[in-house]
Amino acid sequence: MGAFGAALCYGVGSILQAVAARETDVAEGLDPRLLLRLARSWRYLLGVGLDGLGFVLSLVAVLSLPLFVVQSIVASFLAITAVLGAVFLRMPLTSRDKVALVVVIGGLVLVGLSAAEDRAVDVSDAERWGVLVVSIALAVIAVPCARLAGAAGAVALGAIAGLAFGATAVAARMLPETLSYDALGEDVRLLLGDPATYALLVAGAVALLTYSTALQRGTVTQATAPLVVGETIAPALVGIALLGDRPREGWEWAAIVGFVLAIAGAVSLARHGEVSAEQPVDVPVEGSTA
């Protein structure tokens, strides 16, 4: 339920953030001050708040489910965005959107059926430091990519945002699972000494800034489609290669087919965001939340 709750939060939050980003002065390069300007928008703050809640729910989910299951479910936030957009923002679903919705749902059903209970595995210090190094590297790569204008900038920054979101999922999976109030002091020391904790913070900040900047560079489609691919496929592969993620025995085919269908449908649904990029939606959004 945590992963589905996260998808719902991300779906609503993405609409609010896209509208806010397009109402804000365009950033030159990778400018952290963009987040300060966006913070003046109640829509952006509400969207980020929902993202934060979704992130917490996804953290809960990765403690008990394989990453490929959680990430494919979270990627379905685009289906939720499409449905909510059609209901509240006058963004009608096309025949292609409806087919993509069916594909996403079918893929998620297969992924859910294939899911096995997560198995705890030992993570080496090198792997913990590795995810921190990757997070920092994404921040460095984002700087020249932010100088790209138009569609190229939106796609590049969207991809970096997706990989950064994926890094937060991997880092969260590496955190200790035995946190308790009875030993809170010791648990806090463990977290502060764990490179995965800092990887989670760095990757989260990079993801938030690059996605907000990407939404200003091009259409919602151009920013979101590479994000979905990056945040889903990369952590799924890491989970299988390093963290012991496996589908139920005999259900490998369902996991593969369901994963592919869910991501393909989600990428197709990203095109639905073109409506919000091309049509003024500030009035409908205002009315829908009044």
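Because the structure is a prediction, the values reported are computed rather than measured. (Residues numbered from 1 in each chain as written. Predicted model: local features only at pLDDT ≥ 70, side-chain atom pairs only at ≥ 80, totals over all residues. Heavy atoms only, no water.)

### Comments concerning the packing of helix H3 (residues 42-62) against helix H10 (residues 195-217)
Two quantities define a packed helix pair, namely the angle between the helix axes and the distance between the axes.
Thought 1: Packing of H3 against H10 brings their axes to within 13 Å, and their N-to-C directions diverge by 140°. Considered as vectors, H3 and H10 are oriented oblique to each other. The element H3 and its partner H10 pack so that their crossing is right-handed. When H3 is examined against H10, the residues Tyr-44, Val-48, Phe-55 and Leu-59 are found in contact with a partner set consisting of Leu-200, Leu-208 and Ser-212. (Axes fitted to C-alpha atoms, helices over the stretch in contact; angles between N-to-C directions. Helix = DSSP H or I, 4+ residues; strand = E, 2+ residues; numbered from the N terminus. Parallel < 35°, antiparallel > 145°, perpendicular 65-115°, else oblique. Left-handed = near helix turned anticlockwise from the far one by under 90°. Contact = heavy atoms within 4.5 Å.)

### Remarks on the nonpolar core
A general tendency of soluble globular proteins is for nonpolar side chains to be buried together.
Thought 1: One finds Phe-77, Val-131, Met-174 and Val-228 to be the most contacted residues of the largest nonpolar core, which totals 64 residues.
Thought 2: When residues of this core are assigned to their parent elements, the largest contribution, eleven residues, is made by helix H8 (residues 150-174).
Thought 3: Contacts of Phe-77, omitting those with residues within four sequence positions, involve Ala-7, Tyr-10, Gly-11, Ser-14, Thr-224, Leu-227, Val-228 and Glu-231. (Core = buried A, V, L, I, M, F, W, Y, C linked by side-chain atoms within 4.5 Å. Buried < 20%, exposed > 50% of the residue type's maximum accessible area, 1.4 Å probe, protein only.)

### So, the packing of aromatic side chains
When we look at a pair of aromatic rings, we describe it by the centre distance and by the angle of the planes.
Thought 1: In total, this model carries one aromatic pair according to the counting rule given.
Thought 2: For the pair Trp-251 and Trp-253, a centre-to-centre distance of 6.1 Å together with 15° between the ring planes defines the contact as stacked. (Phe/Tyr/Trp six-rings, centres within 6.5 Å; stacked < 30°, edge-to-face > 60°.)

### What to know about helix H7 (residues 125-145)
Thought 1: With 21 residues, H7 ought to run about 30 Å at 1.5 Å a step, and its terminal C-alpha atoms sit 30 Å apart, in line with that.
Thought 2: Regarding H7, the residues found buried are Arg-128, Val-131, Leu-132, Ser-135, Leu-138, Ala-142 and Cys-145. Down the axis of H7, the smallest arc covering the buried residues is 145°, so these residues share one side. Pointing more than 90 degrees away from the buried face of H7 are the exposed residues Asp-125, Ala-126, Val-133 and Val-140.
Thought 3: At its buried positions, H7 is contacted by H8 and H10. (Expected span 1.5 Å × (residues − 1). Arc of directions from axis to C-beta.)

### Quick look at empty space enclosed by the protein
Thought 1: Overall, the coordinates contain two cavities of 30 Å³ or more when judged by the stated rule.
Thought 2: Here the largest cavity defines a volume of roughly 250 Å³.
Thought 3: Here the element with the most residues in the lining of the largest cavity is H3; it accounts for five residues.
Thought 4: Partitioning the lining of the largest cavity into residue classes produces eleven nonpolar, six polar and two charged.
Thought 5: The residues that make up the lining of the largest cavity include at least three from each of domain 1 (1-90) and domain 3 (121-245). (1 Å grid on protein atoms, 1.4 Å probe; cavity = no way out; pocket = protein on both sides within 12 Å on 5 of 7 lines; lining within 4 Å. Points joined across faces, edges and corners; volume = space filled by probe spheres on them. Nonpolar A, V, L, I, M, F, W, Y, C, P; charged D, E, K, R; others polar. Domains from an automatic or database assignment.)

### Focus: H8
Thought 1: The end-to-end C-alpha separation of H8 is 36 Å, in line with the 36 Å expected for 25 residues at 1.5 Å each.
Thought 2: Burial of H8 is extensive: 18 of the 25 residues sit out of reach of the surface.

### Points about the environment of Val-69
Thought 1: Tracing the backbone through its elements, the reader meets Val-69 in helix H4 (residues 67-74).
Thought 2: Judged by relative accessible area, Val-69 falls into the buried class, the value being 2%.
Thought 3: Distance in space between the C-alpha atoms of Val-69 and Arg-246 is 9.9 Å, their sequence separation being 177 residues.

### Let's talk about the packing of H4 against helix H6 (residues 95-114)
Thought 1: Contact pair H4 / H6: the axes reach a minimum separation of 10 Å and the direction vectors enclose 160°. By the angle class used here, H4 and H6 are roughly antiparallel. For the element pair H4 and H6, the recorded crossing hand is left-handed. Within the contact between the two elements, H4 uses Phe-68, Val-69, Ser-72 and Ile-73 and H6 uses Leu-108, Val-111 and Ser-114.
Thought 2: Looking at the contact of H4 with H6, its residues break down into five nonpolar, two polar and no charged.

### So, a nonpolar patch on the surface
Thought 1: A grouping of Val-188, Leu-192, Tyr-198 and Leu-201 is seen on the molecular surface, where their side chains present a nonpolar patch of about 370 Å² in accessible area.
Thought 2: Here Leu-201 falls in the exposed class, since its relative accessible area comes to 55%. (Patch = residues over 30% accessible without salt bridge, like charges linked within 9 Å, V, L, I, M, F, W, Y side chains within 5 Å. Areas by Shrake-Rupley, 256 points an atom, 1.4 Å probe, with all protein chains shown as cover. Salt bridge = Lys/Arg side-chain N within 4 Å of Asp/Glu carboxyl O.)

### Here we look at the UniProt feature "transmembrane region" (unreviewed entry) in the chain
Thought 1: When the UniProt feature table is mapped onto this chain numbering, "transmembrane region" (unreviewed entry) sits at residues 42-62, 68-87, 99-116, 128-146, 153-175, 195-215, 227-244 and 250-270.
Thought 2: In residues 42-62, helix accounts for 100% and strand for 0%; the two terminal C-alpha atoms are 30 Å from one another.
Thought 3: Between the C-alpha atoms that bound residues 128-146 the distance is 28 Å, and the span itself is 95% helix and 0% strand. (UniProt positions renumbered as here; feature names shortened; annotations may be inferred.)

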